[in-house]
Every structure is written in structure tokens, then in C-alpha cells.
Amino acid sequence: MKKTIILIAAALLGVACAESVKQPVLSDVQTLSSPDGSLTATFGLAPDGTPMYSLSKDGKDVVLPSKLGFVLRGNQIHDNEIFESKTKWMYDSPVSLHDGFALEGTATDSVDETWDPVWGEEAHIRNHYNELTVKLKQSGTGRLMNVVFRLFDDGLGFRYEFPSQWDFRHFTIKEEVTQFAMAGDHKALWIPGDYDTQEYEYTDSRLSQIPSLIENRCMWNASQTVFSKTGVQTALQMKTDDGLYINIHEAAVVDFPTANLDLDIPSMTFRIELTPDAEGWRGAVMTPFSTPWRTVMVVDDARKILASRLILNLNEPCKIEDTSWIHPTKYMGVWWEMITGKSAWSYTDDFPTIELGTTDYSSAKPHGRHGANNDNVRRYIDFAAANGFDGLLIEGWNEGWEEWFGQQKEYVFDFVTPYPDFDIEALNKYAHSKGIRLIMHHETSASIWNYDRHLEAAFNLMNKYGYDAAKTGYVGDIVPRGLHHYSQETINHYNHVIREAARHHIMINAHEAVRPTGLYRTWPNMIGNESAMGTEFQNDIEPIHVTVLPFTRLQGGPMDYTPGILETDLGITAPGNTAHMWSTIAKQLALYVTMYSPLQMAADLPQNYEKYADAFQFIKDVAVDWERSEYLLAEPGDYIVIARQAKKSTLNIASEGTAKLPDARKGYINGATAFAGGKDAWFIGGVTDENAREVTFALDFLAPGKTYEATIYEDAPDADYKTNPKAYVIRKATLTASDSLTMKMATSGGFAISLREK
Ligand code: NOJ
Ligand code: CA
């Protein structure tokens, strides 16, 4: 439904945007209201023609007048100087694309529509916003640049559009000028700004404290480039002293570098820091072009950040016509045993270096610790099948792992040659006979050229044996050298893989790739991403971590967090490992609800699940695709309690039987919905940081008049994440919509509840 919005153009030139004395007097002021009128975005031109915007909520400043635009690389100099100086190309002085603009016109729009995602936190998503486009022309150059503002009730998205124009066909960005001027020294949950990784722990501090804290928060990573003492990553979650929650991120990063933020203190103004390419430039653009959306969410209740669909709504609708092969998946993996050091990805210690195609593995002496061997894989297949899982990931199945990272080696893997003790054909047949799909693993070691070269053959092999999902990985510095994980070319690589995978009906779960920006609306075969510290960091993960991620990393899309470690003493899993999960067992269960993902792993080993079989039952029961999500309690960095209803269409299919379903969906139906059996089913999860807490919430989201049988998994009274993490209690209860629950969580504890209609 489209309707005309109310656009208030200021009658007089010279309307000041904010009270601060420092603010320039703006002309051509345009104002846009959110559908409910609570948010106001203002655009205007400074006296020198600099485009500026601001944002307020109910009269409170959220973003003070902030600059828009770019600085462009100058033209290449084609004269003899380049030979004399023996340098590479030389360029004229940088060119401004951030001042000298005049307003040529405006356009408005308003949208209120509902769309159904292929999978998600809810079955129906409302997209409701008012839009203002300001059409700008730069005097002298005649260059055209539009800024499109979309204002939702929970935040603002804006992007730059460059219409097709003869005198501005290609340009290269030196830097983006876009600012976000904060109205105070807000509290923030941040990780260091970096061009290569998001694998950091969160710091909870005032913005002004960032420079004094950042060095201690830059833990080592196989690839990292911290660019500034005041740099932070998006999504950045802040809280103002008067209780507003502000979240800055971006949406739909396509053919453009990823944005970090760099903070100026004391003005508390963030500037976009685009990731450079190998030569230091930050984006090559061909017009017509639209940049990614820059987003500022602002709400008065933290739960509304979790409920926001702003990032998703700013992405384009699904580009895959037939999505029947895409299915949420609960899986296990021959994985945790390598992460903990119990077994290895590699096969032999025989070779000083490996040259695929030349190195002869068939005559190599196995070192005896190879995890992906036929017997072990069969054991996992049996266990996964017996417990209703859909898939099994196997890492270390292919040649090359003996020197897979640290060298920036270009030709590391071919993605098609199994180790001698991994019978790809027989194992797939065996898995399929038991209703399990094997999940392919493509560790690229960040050699993106090498992966591109082998992609078609790798996907063809998957199609041949019936794999429909691949976990990709980008550990180490990017090859070709000089590029970063967030550079434009690397972004284009990740997106190319997603599109090619779609062509082959393959779902992708990328690790160490860029953090997502809602692209899964457009490409729902992008079923997961890591792109933050996940369980593999073992006891490096502080208790606060999972109380922050849903506000930050998960805003752009689901995370393959790999929860479910029930043996929290890793020395028991892998002798010699001295790590402990800084989490209670009940909190591990809760993560299946609080960390939304259509791809959920039961990451622990079969023998550990056998040991804690009663707690494992929750992991077996929990759904992975949802009709509705209710965000019951939330404070970023402290606690989160969420209730989710299993998706109805799946429940109906489950009761009708699976006969009519495409093959790809059969495993999923058998697994995730066996518990529901056509009845209404809800799952509730609660997690806390290092503080023990008691929380109370009403169950008024349950269907009125129905009775539900609940199984409650909670921390034992004496549970504590350091001294007694494995102490849990399971009890049953009969509950209705008129009940409420009071739950106790231990330090770094939590609870998980399954509710099934009687
Ligand atoms: C890092 C990934 O995050 C992890 O899950 C994987 O096992 C290793 N790389 C090896 O590919
Ligand atoms: Ca990783």
C-alpha cells in the first residue's frame, strides 16, 4: 500500500537544525517523519553546500547535524613523471564530493507491506516506512548525487544513489565523509574497528573511554588490521543517559567495502571508515550505483532492537525463484573434537610441504589422529540419525590440511580430493540411507582466488554426491595479498559464492567472512555466518558475550555460534585441554533460543550428549524456524529472555506427513518438528552475564484457553559458571497463558523451556 507522506519543507531559508552553537545554519531544509511520528529526520545544506542530516526521537537529539558525502581519488596523471619517479600511478589532488551541492528536487514515498521470509524469527515481516529522496547537483562539476532516507518507527536508513551520467561514469573513493554526531558520551558495547575480523570480546564503556581501553581488547587473530585507537565496528550498540538505545550498522553491502566507525573525541562524532583495497582506495564505483544503507536504530526499550527488522527490510526481496530446496537445519559435526585438540584435521606428518596433485597421500603414513575417517564419521552418522538431526558437518575430509594456514599459501585446497581414509561416495550413501545430509566443508584459508578457480568443480562434486550445504572458511590474511576480509573485492567474492551456490541449490554458512548486513533476505541460501567469536574460542568467551551478540552481530543475520557444549570441562573431552566453557549447561541450552539461527549445531561430542542425555533432550526438541518471536526481557550486556513459537506451516506439514515434500526437506521435518507433531510448540530461552539474576515474565503470548506441558531446564541452586557449571535441574509443569514464571539464573547461567500444547 502506498500513500503520500507528509513532507514539511521549511518555508524559510536559514533554519537551524539543533541548538548547539557549533551547528551551521542550513538551507533547503527538508523534514521526514516516521509513520508513527516519533522519529524525525532532517536534511539541509550548509552554507558551503555540504549536505547534512540529523535525527531526533520525540524531540530528543539522536544524531546531531552530520556531514554526508565522499572524497574521491583524483584523476590519474599520464605524463612522464610516473617514469621519472619510478612509482606506481600518480593521481591529481583528491576531489570533493561533499560540498558545493545545490538541491535540485525531492521525491517522497511511503510503504506499508508485509512479506514472508523463507525462514526467520517470524513468518510474516512488516516493512513500514516513509521515504525522502533529495536530489543534489554539485556546482562546477555538474555531478548528480541523491541521498535516499527511509524512516521507520524504529530507525533511519539512508544511502547514496548516483544516477547514470556521462560526465561521472566511474570514480574511486578515497574516503567516505558520512558522520554520525552523537549527542553525548553514551555507554557503548564495542569491539575494536578492524578491516579483517570481528573475532573480539565486547567492551562495555563510555565512548570517551575507547582510546584508553582498546589496546587491551585487541586479542590475537590469524588475520587482523586494527586501524585506529578510536575505531569500532558496527553493529555498535549504545545507550544514552536518558534511556535511548541507539544502534549504528549498515544494510545490503554489495559491491562496496565494509564500513567501520572512527570516533572523534570530544565531539563524539563517528565517521565512516571504509575498508581499503590493496592500494589504499576505498571503493571503485560505476554509475548508476547505490551504496549500502547506513542505519541508525533508536528505540526506548532494548527489546525493540531485538524485534527490529529494519536491516532486513532495507535489503532487496528474494532473488531465488524456487526456494523449496532451502531448509533450516539442525546438525552435528566431526568438528569439536578437532577444535578441542582430541583429533586433527590433517592426515599425516610425512611431508614438509604439500603440493596438491604432486604430494602422494596414498603412500603416506597416517599419524593416527585424523578425525574425518570412515569409522568415526559412521559413528557420528549413527548418533545424529538416532537423535533426529538433519545434517552432519565433516571437517578435514580433503587433502591439504597439513599446512593450511599461516603461510598465505595460494593453492592450499582443491575442495574435491578426499583423504585416503574418507570414502566420500560410501559415506554419503550411508548418511542418506539414515536420513542425514552430510555438510561439505570448504576452508579456503582466505585464498579467494584459489576458491574462485575451484568453485564450479567443488559445487559439481557436492551435487554429484548430494550435499546441499557447505560451511566455508576464510582463516588468515586474504590472498591475493594486500586485500582485507572487508575490502570491496573480497565482499564481491563472498557474494559471488552465494550466487553460484544458489545456482547449484547449495546453502552456505561462511566463517571468517564479513559480518552480514541482511543480505539473506535477497539470498536465503545464505543460511549462516560466523563473523564473531563463537564457541570455538572456548574459555576466551566472557559471560557477557551472548548477552551482546543479539544486539550487534545478529542484527545483520544469523550466526553459526555452535552452542550446546554440555561437557564444559574441556579436559574431559580432550585430555590436555585446560579450557572451560565460561557458561552453565542450562545457558548452553538457552542459546538455541536466544541466538537466532536457522542453522543450529549441537556442537559437543556424542559421548558427552550420552552423558547428559536428559539435558540433550532440549537440543533434540528445539525448533529452528519460527512463526513468532516474543522478546520478553532484554538489557544489552546484562540479560536476554526470548520466547519463540515453532513455525506453523512446518507443524502442519509434520501432521500431514512428509510424502509430498522435496527430498531436501524430509530430514528437517523428521528432525526439528518431531517434537511438535502438529501441536502448538513454544521454546523459551534466558541468558545472563556474570551476574546471577532472578527474572519474572508472563506467558500471555500462549494461545488463550490452551494448556501446555512444559519441560524446564534450569541452573541448580548451587550452580556457578566457574565452580559448578554442570549443575542443572529439569522439572515439568503444566502452564497456560494466564501464568507467569519466575526463573533464577546462576552466574553466566540461564534457562531453557519447551512448551507443548497438550
Ligand atoms: C575456523 C572456523 O571458524 C572453524 O569452525 C573451523 O573449524 C576452522 N576454521 C577450520 O576451518
Ligand atoms: Ca572462526
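Residues numbered from 1 in each chain as written. Chains lettered and ligands numbered in written order. Predicted model: local features only at pLDDT ≥ 70, side-chain atom pairs only at ≥ 80, totals over all residues. Heavy atoms only, no water.

Caption draft 1: Local environment of the overall build of the protein. A tally of regular secondary structure across the protein gives 16 helices and 39 strands. A globule of 758 residues ought to have a C-alpha radius of gyration of about 27 Å, and the protein, at 26 Å, matches this closely. Seen through its principal axes, the protein has C-alpha atoms that stretch 75 × 70 × 50 Å. Contacts in the protein between residues far apart in sequence, at least 24 positions, make up 72% of those at least 6 positions apart. Carbon and sulfur atoms make up 49% of the accessible area of the protein, which amounts to about 27200 Å² in all. (Helix = DSSP H or I, 4+ residues; strand = E, 2+ residues; numbered from the N terminus. Rg over C-alpha atoms; globule rule 2.2 N^0.38 Å. Contact = heavy atoms within 4.5 Å. Areas by Shrake-Rupley, 256 points an atom, 1.4 Å probe, with all protein chains shown as cover.)

Caption draft 2: Up close: the sheet that holds strand β7 (residues 70-72). Sheet architecture is open: four strands sit in the order β8-β7-β13-β22, paired in antiparallel fashion. Edge strands, defined here as strands with exactly one partner in the open sheet, are β8 (95-97) and β22 (284-286). Strand-to-strand twist of the sheet, defined as the mean angle between neighbouring strand axes without regard to direction, takes the value 40°. Here three bridges tie β7 to β8, and the two strands are oriented antiparallel to one another. The residue of β8 that forms the bridge with V71 is S96. (Pairing = 2+ DSSP bridges. Axes fitted to C-alpha atoms, helices over the stretch in contact; angles between N-to-C directions.)

Caption draft 3: Spotlight on the pairing of strand β35 (residues 693-698). On β35, burial follows the alternation: R693, V695 and F697 on one face are buried, whereas E694, T696 and A698 on the facing-out side are not. Two elements, β35 and strand β38 (residues 740-745), share six bridges in a ladder whose sense is antiparallel. Bridging across to β38, T696 finds its partner in T742. (Buried < 20%, exposed > 50% of the residue type's maximum accessible area, 1.4 Å probe, protein only.)

Caption draft 4: Main features of the pattern of salt bridges. Considering all chains together, one arrives at 37 salt bridges under this definition. D241 is the salt-bridge partner of R206, the closest N and O atoms lying 3.0 Å from each other. Here R206 is found in strand β16 (residues 203-206), whereas its partner D241 is found in the loop between β18 (236-239) and β19 (245-251), with 35 residues between them in sequence. (Salt bridge = Lys/Arg side-chain N within 4 Å of Asp/Glu carboxyl O.)

Caption draft 5: Representation of the coordination of the calcium ion (ligand 2) within the structure. Coordination of the calcium ion (ligand 2) by the protein comes from E199 (OE), E512 (OE), E530 (OE), E530 (OE) and E536 (OE), over a distance range of 2.2 to 2.6 Å. Counting along the primary sequence, the residues that act as donors to the calcium ion (ligand 2) give the motif E-x312-E-x17-E-x5-E. Taken together, the residues E199 in the loop between β15 (187-190) and β16 and E512 in the loop between β29 (507-511) and β30 (526-529) connect sequence positions 313 residues apart. The buried category is assigned to E199, whose relative accessible area is 6%. (Donors = N, O, S within 2.8 Å, 3.2 Å for Na, K, Ca; no water.)

Caption draft 6: Spotlight on the sheet that holds strand β33 (residues 639-646). The six strands are arranged β32-β33-β34-β39-β36-β37 in an open sheet whose pairing can be described as antiparallel. At either end of the open sheet lies a strand with only one pairing partner, and these are β32 (626-635) and β37 (728-735). Within the sheet, the average angular offset between the axes of one strand and its neighbour, ignoring direction, is 15°. Where strand β36 (residues 708-715) lies against β37, eight bridges are found, and the strand directions are antiparallel. Directly across from Y708, in β37, lies its bridge partner L735. Packing against the sheet, helix α12 (residues 585-594) makes contact with β33, β34 (681-688), β36, β37 and β39 (750-757), and its axis sits at approximately 125° to β34. Along the sheet, helix α14 (residues 613-621) makes contact with β34, β36, β37 and β39, crossing β36 at roughly 125°.

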